[in-house]
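Overview (structure and organization)
Below, each chain spelled out in residue letters.
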Amino acid sequence: MTLLLAIVTGILFTAGFYLVLRRSLVKVIFGLMFLGHAANLLIFNIGRLTKGAPAFILEGNQTAVEPYAEPIPQALILTAIVIGFGVQAFAIVLFKKAYQMIGSDDINSLKSTDRIA
Amino acid sequence: MLLFSVLSGIIVACLVPFLFKFGRKPASIIISMVPLSLFLYYLFNFGITDNLGYSESIEFFPALGVNLNFVMDSYALIFALIITGIGTAVFFYSSYYLAEHPYLDRFYIYISIFMASMLGIVTSDNMVIMFIFWELTSISSFLLIGFKHREEKSRYSAWQALLVTGSGALALLAGILLLYVITGKMNFSEINAMPGIIQSSTLFLPAMFLVLGGAFTKSAQMPFHFWLPNAMEAPTPVSAYLHSATMVKAGIYLMARINPAFQGAIEWETTLTIFGGITMLFAAYMALKQTDLKRILAYTTLSVLGTLTLLIGIGTPLAMQAMLVYLIAHALYKGTLFLVAGAIDHGTGTRNIDEIGGLRKFMPITAVAATLAAFSMAGVLPLFGFIGKELLYEAALQPNLFGYTTFAIVFLAALFGVVAAGMSAIFPFFGQAKYPNSKPHEASFTMYSGYVITAFLGLLFGLLPMIVSDNVAKAVSDIYYNLPVAVSSSMYLALWHGFNLVLFLSLATLALGIVILMFRKKLFAIIRKINLPEYLLPSKGYDMSISILIASARLTTKVLQNGYLRNYITLILITLLILTSYSLFTFSDLSVISLYHPVTIYEIIIAAIITISTILVVKSSGRLQAVAALGVVGIFVAVVFSIYGAPDLAMTQYSIETLTVILFVLVIYKLPKFMHYSKFSHRMQDFFLASAVGLTMTILILMVTANEMPTEFKEYYGKTSYLLGKGRNIVNVILVDYRALDTLGEIVVLSLAALGVFALLKLKKDDRGFE
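Parameters and conventions
Residues numbered from 1 in each chain as written. Chains lettered and ligands numbered in written order. Predicted model: local features only at pLDDT ≥ 70, side-chain atom pairs only at ≥ 80, totals over all residues. Heavy atoms only, no water. Helix = DSSP H or I, 4+ residues; strand = E, 2+ residues; numbered from the N terminus. Rg over C-alpha atoms; globule rule 2.2 N^0.38 Å. Buried < 20%, exposed > 50% of the residue type's maximum accessible area, 1.4 Å probe, protein only. Areas by Shrake-Rupley, 256 points an atom, 1.4 Å probe, with all protein chains shown as cover. Lys, Arg positive; Asp, Glu negative; His and termini not counted. Charge placed at Lys NZ, Arg CZ, Asp CG, Glu CD. Axes fitted to C-alpha atoms, helices over the stretch in contact; angles between N-to-C directions. Parallel < 35°, antiparallel > 145°, perpendicular 65-115°, else oblique. Left-handed = near helix turned anticlockwise from the far one by under 90°. Nonpolar A, V, L, I, M, F, W, Y, C, P; charged D, E, K, R; others polar. Pairing = 2+ DSSP bridges. Contact = heavy atoms within 4.5 Å. Salt bridge = Lys/Arg side-chain N within 4 Å of Asp/Glu carboxyl O. Buried area = accessible area lost by both parts, 1.4 Å probe. Polar contact = N/O pair within 3.5 Å; in protein donor to acceptor, adjacent residues only side chain to side chain. Domains from an automatic or database assignment. Core = buried A, V, L, I, M, F, W, Y, C linked by side-chain atoms within 4.5 Å. Patch = residues over 30% accessible without salt bridge, like charges linked within 9 Å, V, L, I, M, F, W, Y side chains within 5 Å. Expected span 1.5 Å × (residues − 1).

Quick notes on the overall build of chain B
On a plain count of helices and strands, chain B comes out with 33 helices and two strands. For a compact globule of 771 residues, the expected C-alpha radius of gyration is about 28 Å, and chain B comes in at 36 Å, more than 25% above that figure. Considering only C-alpha atoms, chain B reaches an extent of 115 × 60 × 55 Å along its principal axes. The buried share of chain B, reckoned over its 771 residues, is 54%. Looking at chain B as shown, the accessible area adds up to about 33,500 Å², and 71% of this sits on carbon and sulfur atoms. Measuring between centres, the 47 positive side-chain charges of chain B sit 13 Å from its 39 negative side-chain charges.

Overview of the packing of helix α2 (residues 24–48) of chain B against helix α3 (residues 74–97) of chain B
All names here are of chain B. Orientation of α2 relative to α3, taken along the N-to-C sense of each, is 160°, at an axis distance of 9 Å. Regarding the angle of α2 to α3, the classification is roughly antiparallel. Read as a crossing pair, α2 and α3 show a hand that is left-handed. Here the residues of the contact of α2 with α3 sort into 16 nonpolar, eight polar and one charged.

Details of the pairing of strand β2 (residues 66–72) of chain B
Residues and elements named next belong to chain B. Where burial is concerned, most of β2 is hidden: five out of the seven residues are buried. Strand direction decides the pairing type here: strand β1 (residues 54–61) and β2, joined by six bridges, are antiparallel. Looking across to β2, one finds that Ile 58 is bridged to Leu 68. Linkage of β1 to β2, two consecutive antiparallel strands, is achieved through a turn of four residues, within which Gly 65 is found at a positive phi near 75°.

Focus: the packing of helix α2 (residues 25–46) of chain A against helix α28 (residues 623–643) of chain B
Contact geometry of α2(A) with α28(B) gives a least axis separation of 11 Å together with a crossing angle of 10°. It follows from the interaxial angle that α2(A) and α28(B) lie roughly parallel. Where α2(A) abuts α28(B), its residues Phe30(A), Met33(A), Phe34(A), His37(A), Asn40(A), Leu41(A) and Phe44(A) lie against Ala626(B), Val627(B), Leu630(B), Val633(B), Gly634(B), Val637(B), Val640(B) and Phe641(B). Classifying every residue of the contact of α2(A) with α28(B) gives twelve nonpolar, three polar and no charged.

Describing the pattern of salt bridges
Counted under the stated rule, the structure contains eleven salt bridges over all chains. For Arg728(B), the salt bridge goes to Glu59(A), with nearest N and O atoms at 3.4 Å. You can see Arg728(B) sitting in the loop between α31 (712–725) and α32 (730–738) and its partner Glu59(A) sitting in the loop between α2 and α3 (71–102), one on each of two chains. Residue class for Glu59(A) comes out exposed when judged on its relative accessible area of 69%. Close ionic contact of Arg351(B) with Asp345(B) constitutes a salt bridge, the shortest N to O distance being 3.4 Å.

Comments concerning the interface of chain B and chain A
Contacts between the two partners involve 103 residues from chain B, matched on the other side by 92 residues from chain A. Contact between chain B and chain A buries roughly 9,300 Å² in total, counting both sides, with carbon and sulfur atoms accounting for 75%. On the chain B side of the interface with chain A, the three residues burying the most area are Tyr644(B), Lys714(B) and Arg728(B), jointly 9% of the side's total. Inspection of the chain B/chain A interface yields four salt bridges. In this structure, the salt-bridge partner of Glu66(A) is Lys714(B), at a minimum N-O distance of 3.5 Å. Where chain B packs against chain A, one counts 17 residue pairs in polar contact (both at pLDDT 80 or more). The set of elements that each furnish at least two residues to the side of chain B that touches chain A consists of α26 (565–587), α27 (601–619), α28, α29 (647–668), α30 (680–706), α31, α32 and α33 (740–762) of chain B. With 15 residues, α30(B) is the single largest residue contributor to the side of chain B that touches chain A.

Quick look at the domain arrangement of chain B
The assigned domain composition of chain B is domain 1 (1–261), domain 2 (264–531), domain 3 (599–671) and domain 4 (710–771). One C-alpha centre belongs to domain 2 of chain B, the other to domain 3 of chain B, and the line joining them spans 85 Å.

Examining the nonpolar core
Ranked by internal contacts, the top residues of the largest apolar core, which has 201 residues, are Tyr42(B), Tyr241(B), Phe262(B), Trp268(B), Met323(B) and Tyr451(B). Looking at which element gives the most residues to this core, the answer is helix α16 (residues 317–348) of chain B, with 21 residues. Each of domain 1 (1–261) and domain 2 (264–531) of chain B contributes no fewer than three residues to this core. Apart from residues no more than four positions distant in its own chain, Tyr451(B) is found in contact with Tyr93(B), Thr336(B), Leu339(B), Val340(B), Ala343(B), Thr366(B), Ala369(B), Glu442(B) and Ala443(B). Ranked by size, the runner-up nonpolar core spans 77 residues in total, among them Ala6(A), Ile569(B), Val639(B) and Leu702(B).

Quick word on a nonpolar patch on the surface
Residues and elements named next belong to chain B. Nonpolar side chains collect at one region of the surface, where Leu 741, Leu 744, Ile 747, Val 748, Leu 752 and Leu 755 lie side by side and expose about 620 Å² of accessible area between them. If you trace the backbone, Leu 741 turns up in helix α33. Leu 741 gets classed as exposed once you look at its relative accessible area, which sits at 69%.

As for unusual backbone geometry
Following Glu66(A), the chain continues into Pro67(A) via a peptide bond in cis, with omega recorded as -5°. Considering the arrangement of structural elements, one finds Pro67(A) in the loop between α2 and α3. Of note, the amide linkage connecting Met222(B) to Pro223(B) takes the cis form, showing an omega dihedral of -5°. Mapped onto the elements, Pro223(B) comes out in the loop between α9 (204–218) and α10 (227–230). Of note, the phi angle at Arg48(A) is positive, near 70°, even though the residue is not glycine. One can find Arg48(A) in the loop between α2 and α3. Residue Arg48(A) is classed as partly exposed on the basis of its relative accessible area of 21%. Of note in this structure, Ala220(B) is not a glycine but carries a positive phi near 55°. Within the fold, Ala220(B) resides in the loop between α9 and α10.

Let's talk about helix α15 (residues 293–314) of chain B
Residue and element names in this part refer to chain B. Counted at 1.5 Å a residue, the expected span for α15 with its 22 residues is 32 Å, and the 32 Å between its end C-alpha atoms agrees. The element α15 is extensively covered by neighbouring structure, given that 21 of its 22 residues are classed as buried. Sitting at the amino-terminal end of α15 is Asp 292, which places a side-chain oxygen 3.1 Å from the backbone nitrogen of Lys 294.

Structure, rendered in structure tokens:
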């Protein structure tokens, strides 16, 4: 699965970067979300995959017994997911407002802070 | 107490706004008491009691050797008295001169900060602390030159002064650090005790030239002189204070202060003599071409600064003595003349010397002060300037590197000094009455009392030189390494040295100067016609480098910050691609990647679903379809998490993905249709770039996973989570216990995002913060 997941991550990165290079603001936001997934999977994969063995210390044990999943990448990803959501929510609302104000979602029309006639 | 006295100017600056609540007049008088009381404090506590060499030290940054070490020796005392003495005159003078100015309070803030920083320069023993005060004087000078900030010329001159002295200061800092590298010391007192180590170091010349870079820009030596005449845009009291009596002498101060460390090195003496000599002659010549009273005075100040530099370059004890006497005399007469120029401007409305004459009848008191100052400047017996000139000649006649050339230059400059004194202070007051507008009026008491005192001090010191003699002799030993005792005890100042060569030369200078003044009309007509070609002037170089700087900034902005998001991201991606693939292919062995990994059918299905949904999002033309496909991607990423031992991630991802889809659906009716703005060629280009980055990422992951995974951290958390953290879910324990602070930060980020969302939603369509 490591190989497969690496390829999927590559595809997600490709899609994410392709979309943030678009001029439509909506697509840029989609791109950001793809990049979030891709980065999370990258960290997850690099922390090595351990099938079906969460990082738990089972009842009756004092310490964890192998095999169990690497906990640090998981902690990082958990933070990243939540913050990623904050950014997305902000971006979506910002986008909505920007679209209301200038009536376009073309990023090239957002070049200047001057009032658009 | 010394530290407090140095910093009191800054304290006062903070109090100015409150003092002005009691009215402008009382506030200005109270503030003017500060330099006066400081002057008295220095005079009685150090000068008269001879309590010199007193020091105070407070640890500030001991690890770097930067401490607040303040020392008051004879040399520093001369400067401290000039700074506070002329300061008193200037502070009182300004209270009348700028009485009507709306920004009088700001003026006092700037000039108080300036006074404090100047005192800081001359009393700091630590070079870094001195550098900080040095920079503060540049900044307060910038604010004061640009005081009339509505005028373009003021702003230009302020910038120029700041940029020239500021870049010099950078050189100075580098020089200080080099000296630290050579000696490991940060204090002048320590550095000055080891000239042998410094001068034998390979870093000696770089350090010396960098220090000189700071001193020459500050003291306006050729070719960095041009900012000083332009600084005359400042109000006249500022010109009197900063740009003649004190700040421009900071460079002179530094050169003499650090002289013991560099003294004797042929490069040091040669450089100072050459630059000083050129500055002296060039400035004297330029002074004759001016018609504006203040610009004449500015160029004569330049000429004197050149003289002082040259004297330090000659480097004998006598030259040092001459330098100090000349410096004191200059501060007295030039301070007076600038304030007089301001009074003339105030009284007649012009500063053009061609438009004024015979003002003696209207401004008798000012005329007396001006005459005394002019005589001192010209070196007329019995004024203090006369003693200065005698010493100058004696020093220049001593054996030195350039032989009689030095004397010739000094003689010419002194001659110009006589002529300039006549132009700037004698002719405006004598001869036929001439004034442009209404009848001129005498200055008020608060204005003239200051400059009358400084003018009479020039006379007093001339008649009774023993007042300063002792302290000057001690100051010479402060700035001269290993001064022979015999020399120091033989240094006394006297007005009358008997009939000797130097007296004859002094008289000859005066006589020649008077002759020139008699034929001045013809001479000036010729001199004003001769113009140096513009491209030869260093100020052109300044203008050119500024426009190059601005042009290159424009170009960089145009290329790098052009406002197109796409270009930014493209640039970032290309950089990422080049750097990552370069290190991947150069430093690692790609053959370690194993392509054999066990795969089950449902894993292939999950990968296929994510891939297909991704393509759907990218290719879709419907908004709802895209959002739905995006949700599918998120859900299946969560599935991956749940299969590979990360139930917490999976749960979080499920709920977040649901929320995101809901959020999108809520705003989706406002969304525009998917548009294809980009050209096909752009899309292909972007696709290839993105694919290349994606591929690099895949290889990166495979490279990393092909290597052995270190297990220390995993084991640590596995062993301690329950015993220390009392939790069985290790990921949870990490989040709320080991890395609780990170989680707190995360919460803050989320709340800020929530606030931002709220604020955006509240924003009305026409609420534009900037209008």
